[in-house]
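Structural description and commentary
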Amino acid sequence: VHEAGDDYVLDIDLTSNRPDCLSHIGVAREVAAMEGTRLRLPDAKPKPVAGLTEEFATVEILDTDLCPRYAARVVRGVNIQPSPDWLVKRLEAIGQRPINNVADITNYVLHETGQPLHAFDLAKLEEHRIVIRRAHPSEKLKTLDGVVRELDEQMLVIADASRAVALAGVMGGEDSEISDATEDVLIESAYFNPDSVRRTARLLGMHTEASHRFERGADYANVLRAQERCIALICELAGGTATENAIDVYP
């Protein structure tokens, strides 16, 4: 335990068979079980909401063995700016660098719920399509860290109508990232095959907060709740109007 400003940080060692504790809610659930108390989940109802996600985007999974579930939801009219102090302090206390309000919210909810999320600039997705597929032979993707990655045909990517825009379960792509000009965002929440994520991350020499969790097995049932919590915080801190539903492809 160490102090972080006016708060405290608990540093917990976990074995690889406990991915359920790779989050604040996961640890709180354990404490509640040990102490015989009830777990209290944070509020996760977005306001305001209008329109259906199907009016603004489409989702198609071509490789269901590597991605058994993918949910997308849109928030329109966001205002990208620095995060409020409380959010910055919470992230910095656990070693996370603040970026902007939307990106920071996805990171905050990842650590809170254990579910990795990703925000796309909807306008940068060609035809506003999301296609989950294996990479094409010699396909390249410039990831958010500025590195151009050469992919192989076993790696799973998130693509739009013409090109890969993210490495599934590992890192987003630079071409679809959130910027100060972003107005509409598409929030991804999904389950990816642990072996697939592990292989991709190892071959490319990458290790991220998302891959660390997906490699160990995320929670199928947490996909929509974590996404709704993320959407609610975006509406609260970045403005905008959420769609009423998620496109939840769950074959």
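Predicted model, so just to flag it, every value in this text is computed and none were measured.

Roughly 1,300 Å³ of volume is contained in the largest pocket. Considering the residues around the largest pocket, the lining is formed by 36 residues, among which Val9, Leu10, His24, Ile94 and His111 are closest to the centre. Of all the elements in the fold, those that place two or more residues in the lining of the largest pocket are β2 (7-9), α1 (24-35), α2 (85-93), α3 (101-113) and α5 (209-216). The element contributing the most residues to the lining of the largest pocket is α2, with six residues. When its residues are assigned to classes, the lining of the largest pocket shows 19 nonpolar, seven polar and ten charged.

Judged by pairing direction, the sheet is mixed, and its five strands sit side by side in the order β3-β6-β9-β10-β11 without closing on themselves. One side of each edge strand has no neighbouring strand; the edge strands of this open sheet are β3 (58-61) and β11 (171-172).

The subject of this paragraph is the pairing of strand β5 (residues 117-121). Successive side chains on a regular strand alternate, one facing one side of the sheet and the next facing the other. Taking burial as the measure, the five residues of β5 include five buried ones, the bulk of the element. Across the two faces of β5 the burial is the same, with Leu117, Ala119 and Asp121 and His118 and Phe120 all buried. In the sheet, β5 pairs with strand β12 (residues 184-191) via five bridges, with the strands oriented antiparallel. What sits directly across from phenylalanine 120, in β12, is leucine 186.

Next up on the list: unusual backbone geometry. Peptide bonds are mostly trans, and most non-glycine residues show a negative phi. The peptide bond linking lysine 47 to proline 48 adopts the cis configuration, its omega dihedral lying at -5°. Among the structural elements, proline 48 can be located in the loop between α1 and β3. Positive phi values are uncommon outside glycine, yet serine 138 reaches one of about 60°. Along the chain, the position of serine 138 falls in the loop between β6 (129-134) and β7 (140-142). When its relative accessible area of 49% is taken as the criterion, serine 138 is described as partly exposed.

Below, the discussion takes up the pattern of salt bridges. Inspection of every chain in the model, using the stated rule, returns 21 salt bridges. Put simply, arginine 129 and glutamate 60 hold a salt bridge, and the shortest N to O gap is 3.6 Å. In this pair, arginine 129 sits in strand β6 while glutamate 60 sits in strand β3, placing the two residues 69 residues apart along the sequence. For arginine 129, a relative accessible area of 27% corresponds to the partly exposed category. Among the ionic pairs, arginine 133 bridges to glutamate 139, the shortest N-O distance being 3.0 Å. Neither arginine 133 nor glutamate 139 differs from the other in exposure class; each is buried. A cluster of three or more residues bridged by salt bridges with shared partners is formed by Arg18, Asp20 and Glu30.

What follows concerns a nonpolar patch on the surface. A contiguous nonpolar patch, built from Val1, Tyr8, Leu10, Ile12 and Leu14 and spanning about 540 Å² of accessible area, is present on the exposed surface. Residue position: isoleucine 12 is located in the loop between β2 and α1.

A word on the side chain of threonine 143. With respect to the helices and strands, threonine 143 occurs in the loop between β7 and β8 (148-150). A distance of 2.5 Å separates the side chain of threonine 143 from the side chain of aspartate 145, its partner in a polar contact. In terms of polar contacts, threonine 143 uses its side chain to reach the side chain of arginine 149, at 3.2 Å.

Taken across its eight residues, α5 has six buried, putting it largely inside the fold. The complete set of buried residues in α5 reads Ala210, Ser211, His212, Arg213, Phe214 and Glu215. Close packing links the buried residues of α5 with α3, β12 and α4 (194-203). Remark: glycine 217 follows α5 within two positions and exhibits a positive phi of approximately 100°.

Here we take up the packing of aromatic side chains. Taken as a whole, this structure holds four aromatic pairs when the rule is applied. Ring geometry for tryptophan 86 versus tyrosine 108: centroids 5.6 Å apart, planes at 85°, classification edge-to-face. You can see tryptophan 86 sitting in helix α2 and its partner tyrosine 108 sitting in helix α3, a full 22 residues away along the chain. On the basis of relative accessibility, which here comes to 37%, the residue tryptophan 86 falls in the partly exposed class. The interplanar angle of 20° and the centroid separation of 6.5 Å between the aromatic rings of tyrosine 220 and tyrosine 250 together place this pair among those described as stacked. Of this pair, tyrosine 220 sits in the loop between α5 and α6 (223-238) while tyrosine 250 sits in the segment after β14 (247-249), placing them 30 residues apart in sequence.

Calculation notes
Residues numbered from 1 in each chain as written. Predicted model: local features only at pLDDT ≥ 70, side-chain atom pairs only at ≥ 80, totals over all residues. Heavy atoms only, no water. 1 Å grid on protein atoms, 1.4 Å probe; cavity = no way out; pocket = protein on both sides within 12 Å on 5 of 7 lines; lining within 4 Å. Points joined across faces, edges and corners; volume = space filled by probe spheres on them. Helix = DSSP H or I, 4+ residues; strand = E, 2+ residues; numbered from the N terminus. Nonpolar A, V, L, I, M, F, W, Y, C, P; charged D, E, K, R; others polar. Pairing = 2+ DSSP bridges. Buried < 20%, exposed > 50% of the residue type's maximum accessible area, 1.4 Å probe, protein only. Salt bridge = Lys/Arg side-chain N within 4 Å of Asp/Glu carboxyl O. Patch = residues over 30% accessible without salt bridge, like charges linked within 9 Å, V, L, I, M, F, W, Y side chains within 5 Å. Areas by Shrake-Rupley, 256 points an atom, 1.4 Å probe, with all protein chains shown as cover. Polar contact = N/O pair within 3.5 Å; in protein donor to acceptor, adjacent residues only side chain to side chain. Contact = heavy atoms within 4.5 Å. Phe/Tyr/Trp six-rings, centres within 6.5 Å; stacked < 30°, edge-to-face > 60°.

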